[in-house]
Amino acid sequence: MKSGEKNMSLINDKIIDDIFAWAENSEDRHIYPAISDEKSSYYVNKISEETYMIEYSGKTLEQIKKALVKYSGLSEDDEILKKIIMIICQCRYMRKEKHSKNIDKQRLIEEEKEIIPNFIYNF
Amino acid sequence: MYILGISALYHDSAAVLVKDGEIVAAAQEERFTRKKHDPSIPRNAIYYCMKEGKIDLSDLNAIVYYDNPLLTMGRFIQNLRFAGSDSKDLLNFQLESVVNRKMWIHSMLEDCLGRVGIENKIYVTEHHISHAASAFFPSPYKEAAIITLDGVGEYTTTTIGYGKNNHIKILKEINYPHSLGLLYSAFTFFCGFKVNSGDYKLMGLAPYGEPIYYELIKEKLIDIKTDGSFCLNLKYFDFQYGRKMTNERFAKLFGGGRRKPESAITKREIDMAASVQKIIEEVLVLMAMHAKQLLGDVENLVLAGGVALNCVANGVLQRKKVFKNIWVQPASGDAGGALGAAMFYYFQHCNNKRAIDGIHDKQRGSYLGPAYSDEAIEKFLKDNKYCYHKSVSEIEFYSKIAELLNEQKVIGLFEGRMEYGPRALGNRSIIGDPRSSEMHAKLNLKIKYRESFRPFAPSVLEEVAGEYFEMDYRSPYMLFCADVNKRRRKEFSLNEVMEQSKDNLLSVVNKIRSDIPAVTHVDYSARIQTVNKWDNPVYYKILKAFEQLTGCGVIINTSFNVRGEPIVCSPEDAYLCFMRTEMDILVLGRFILYKEEQSLLEKDEEWRKKYELD
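Since the model is a prediction, treat every value here as computed from it, not as a measurement.

Asker: Please clarify how the packing of aromatic side chains should be interpreted in this entry.
Answerer: Two aromatic rings are characterised by how far apart their centres lie and by the angle between their planes. For the structure on display, the rule yields 31 aromatic pairs over all chains. Aromatic pair A:Tyr52 and B:Phe344: ring centres 6.1 Å apart, planes at 75°, arrangement edge-to-face. Of this pair, A:Tyr52 sits in the loop between strand E1 (44-45) and strand E2 (53-55) while B:Phe344 sits in helix H14 (residues 334-349), placing the two residues on different chains. When its relative accessible area of 3% is taken as the criterion, B:Phe344 is described as buried. The structure contains a cluster of three or more aromatic residues connected by ring pairs, namely A:Tyr32, B:Phe82, B:Tyr176, B:Phe187, B:Phe190, B:Tyr213, B:Phe237, B:Phe239, B:Tyr241, B:Phe250 and B:Phe254. A cation over an aromatic ring shows up here: B:Lys102 above the ring of B:Tyr10, its NZ or CZ 4.2 Å from the ring centre. In this structure, B:Lys278 is placed above the aromatic ring of B:Tyr214, and the distance from its NZ or CZ to the ring centre is 4.1 Å.

So, in structure tokens, the structure goes:
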């Protein structure tokens, strides 16, 4: 984080550091396809309709884990999966009201720094 | 069967109520909270939808959120691996949004709505399925090719699909980070405008410029194949790492840093706008040609996703006649995802039959928001002791509005149900005389308080649209641009005027280019709304009365708001906007208010600070 910026996150810094360490170790700058003269098309065929719509109800640790394994591309023994589940569950109980305050504060920071507001550029 | 569609937590949150496949109500949350692009859970919009449908939450069969948080989480983790040692910004500013808000969307909805009646009824659709469904299911077509294009939704940025009866299927897609929406946003950002709300400005700026960077963009930033698929050169972008769109390399390519917002617009930005616009048009046309190739004799194309709001590109596509018919979802941005999600559940998931006639769509003119009865409006006026005039007859009402327009008055028009989607289509509009050479500047600078270069759109009687514009199709949602008819144009050389004006866009804007100068852009183009008596009888009669009085079947139509403010929703919003600007007249239902008869608003000096510039 740059000096002067405040971390508005509800998430414990230690977990963020752990995930950062994972990202650093797993770094793969070639994960996305690059421009290629050899390719005649950049389209990917979409075959399965399985994820078009799903029921969404997971609330327990086990349910969240199962859903993430099924849809997020992570496998059960991925080290990152445990950390992600941990923060998802942690956030459930810290969520109420706080995020709206964060958005307002963050807007001010973003205006000063001329970066894209998170509430608009948020994907 | 009642289905509630929700879009939220990104931008432009919205709620839609669908009953047995028909849209009962649809509204964006920003209109109620008065916060532009409000991303919060749309509790006000939900409440409105329930009220309009006269139902309780327990009557709902399903609540469908327009995006799949699990897939988004997968994309986020994938992106962390890409960013690796540069992922701090992602972790500090995006992780919380993904894990805290999106992953708990079902609990947030329960917090907002109460658990009773909604448990086990929450579904999520894929983001681009929501867009594709919003384009196909309300369209008039039994069968159509579907193209969706936006920034990104989960892994996907672009799709080509196919819809028939009650079933849609995505055939091909392009995945993040290769995104036409993000490319356009990068240019919007770099040219000093805000991503999302500034995209229209970039599109409006493009006709002033020359696409001198077109080749450079193709050489350095994007590779486009003949089938319309594309790949970005990630070396020039920073959005993969966090909150900045472009990097130093990008700036160097265009001879310097980002334009400071609100500073003077230079030729560089104008030419960048023209260049990236040409890229968008090229990709859209190539994609449509590829879709046509894939789907053989399918005659119809439907479009959705933020990029589909680029009416200039839509106009180019229409003129190319790749498909016989094109229908674009009026709420093509994320707000429209709520509609697609609900419709997908009803038609495809529940396998319900879809009744269409091949001509009329199911969007109901996009007049899907709250309406206020004349009784409610009169009560509002009386309670506040505002001075107003009630028309004794319909004929008198329409004639009076036509007379006022002819007298060069600017009128705030508040009528019937609020529009769903970003365009005002005559129910929450500011209207004026397009024949006036001064009207453009007056509207921009004294009423909308926005940049002088921005064009205004015309509403035209559907039956005479071809007399004014070079078009042979309907454009009820203001989603296609066409040129002003050659017979109506006046000699004008943009290059000469640009040179003489030394990039002062105001002097270029003020040059008269046709006999409807206030709605003729510098390249003779116009973003057209065709109006017929079925979709909006009141607005049609206003246009008709103006035509009978003046011989002109066109009026200016711009959204009823000031810069940075969401379009007005209630009579109170309309009255405030009327009083805060130099608008002359306010029409609230059947009541006419004159500015000179109103008392000044008390203690309202600070109102401009309320709305962040867009």
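Asker: Looking at this structure, how should I read the sheet that holds strand E3 (residues 22-28) of chain B?
Answerer: Either a parallel or an antiparallel arrangement is found when strands of a sheet pair, and the pairing is made through backbone hydrogen bonds. Read from one edge of the open sheet, six strands run E2(A)-E5(B)-E4(B)-E1(B)-E2(B)-E3(B), paired in mixed fashion. Two strands bound the open sheet, and with one partner strand each, they are E2 of chain A together with E3 of chain B. Ignoring strand direction, the axes of neighbouring strands in this sheet form an average angle of 20°. With six bridges joining them, strand E2 (residues 14-19) of chain B and E3(B) adopt antiparallel strand pairing. Its bridge partner lying in E3(B), B:Val16 is registered against B:Ala26.

Asker: Explain the sheet that holds strand E12 (residues 325-328) of chain B here, please?
Answerer: Sheet architecture is open: six strands sit in the order E1(A)-E8(B)-E7(B)-E6(B)-E11(B)-E12(B), paired in mixed fashion. Across the chains shown, the open sheet's two edge strands, defined by having one partner strand only, are E1 of chain A together with E12 of chain B. Against the sheet, helix H12 (residues 267-295) of chain B makes contact with strand E6 (143-153), strand E7 (156-164), strand E8 (167-175) and strand E11 (300-304) of chain B, and its axis sits at roughly 40° relative to E7(B), the strand it touches most.

Asker: When you look at the pattern of salt bridges in this model, what are you seeing that I'm missing?
Answerer: A side chain of one charge can pair with a side chain of the opposite charge if their charged atoms are brought near each other. Enumeration according to the criterion identifies 38 salt bridges over all chains in this entry. One salt bridge connects A:Arg29 with A:Glu27, and the closest N-O pair in it is separated by 3.7 Å. Note on A:Glu27: relative accessible area 33%, which makes it partly exposed. Between B:Glu173 and A:Lys46 there is a salt bridge, with its nearest N and O atoms 3.9 Å apart. Of the two residues, B:Glu173 is situated in strand E8 and A:Lys46 in the loop between E1 and E2; the pairing between them involves two chains. Members of the salt-bridge network, linked through shared partners, are B:Glu470, B:Asp483, B:Lys486 and B:Arg489.

Asker: Would you explain the pairing of E12(B) in this entry?
Answerer: As a general feature of sheets, a regular strand has side chains that alternate between the two faces. Residues and elements named next belong to chain B. As judged from the four bridges shared by E11 and E12, these two strands associate in the parallel manner. Counterpart to Leu303 in the pairing with E12 is Val328. At this point the chain moves from E11, through helix H13 (residues 311-320), to the parallel E12, and the crossover so formed is right-handed.

Asker: In this structure, what is going on with the interface of chain A and chain B? I would like to understand it.
Answerer: How big an interface is tends to be expressed through the accessible area that disappears when the partners come together. Counting residues at the interface gives 75 residues for chain A, matched by 100 residues for chain B. In total, chain A and chain B occlude about 8100 Å² of area from one another, counting both sides; carbon and sulfur atoms represent 59% of this. Linking chain A with chain B are five salt bridges. Among the salt bridges present, the one from B:Lys169 reaches A:Glu49, with a minimum N-O distance of 3.2 Å. Remark: the boundary between chain A and chain B carries 30 residue pairs in polar contact (both at pLDDT 80 or more). Counting residues per element, the ones that place at least two in the side of chain A that touches chain B are helix H1 (13-25), E1, E2, helix H2 (61-71), helix H3 (79-92) and helix H4 (98-113) of chain A. When grouped by side-chain class, the residues that make up the side of chain A that touches chain B number 39 nonpolar, 16 polar and 20 charged. Pairing analysis gives two bridges linking E1(A) to E8(B), with the strands arranged antiparallel. In the sheet register, A:Val44 faces E8(B), and the bridge partner there is B:Glu173.

Asker: Help me understand the pairing of strand E1 (residues 2-7) of chain B in this model?
Answerer: Residues and elements named next belong to chain B. Within E1, six of the six residues are buried, which leaves it mostly tucked inside the rest of the structure. Burial along E1 is two-sided: Tyr2, Leu4 and Ile6 facing one way and Ile3, Gly5 and Ser7 facing the other are all buried. The pairing of E1 with E2 spans six bridges and is classified as antiparallel. From the neighbouring strand, Ile3 faces E2, where its bridge partner is Val18.

Conventions adopted
- Residues numbered from 1 in each chain as written.
- Chains lettered and ligands numbered in written order.
- Predicted model: local features only at pLDDT ≥ 70, side-chain atom pairs only at ≥ 80, totals over all residues.
- Heavy atoms only, no water.
- Phe/Tyr/Trp six-rings, centres within 6.5 Å; stacked < 30°, edge-to-face > 60°.
- Helix = DSSP H or I, 4+ residues; strand = E, 2+ residues; numbered from the N terminus.
- Buried < 20%, exposed > 50% of the residue type's maximum accessible area, 1.4 Å probe, protein only.
- Lys NZ or Arg CZ within 6 Å of the ring centre and 35° of its normal.
- Pairing = 2+ DSSP bridges.
- Axes fitted to C-alpha atoms, helices over the stretch in contact; angles between N-to-C directions.
- Contact = heavy atoms within 4.5 Å.
- Salt bridge = Lys/Arg side-chain N within 4 Å of Asp/Glu carboxyl O.
- Right-handed = clockwise from strand over helix to strand, strands pointing away.
- Buried area = accessible area lost by both parts, 1.4 Å probe.
- Polar contact = N/O pair within 3.5 Å; in protein donor to acceptor, adjacent residues only side chain to side chain.
- Nonpolar A, V, L, I, M, F, W, Y, C, P; charged D, E, K, R; others polar.

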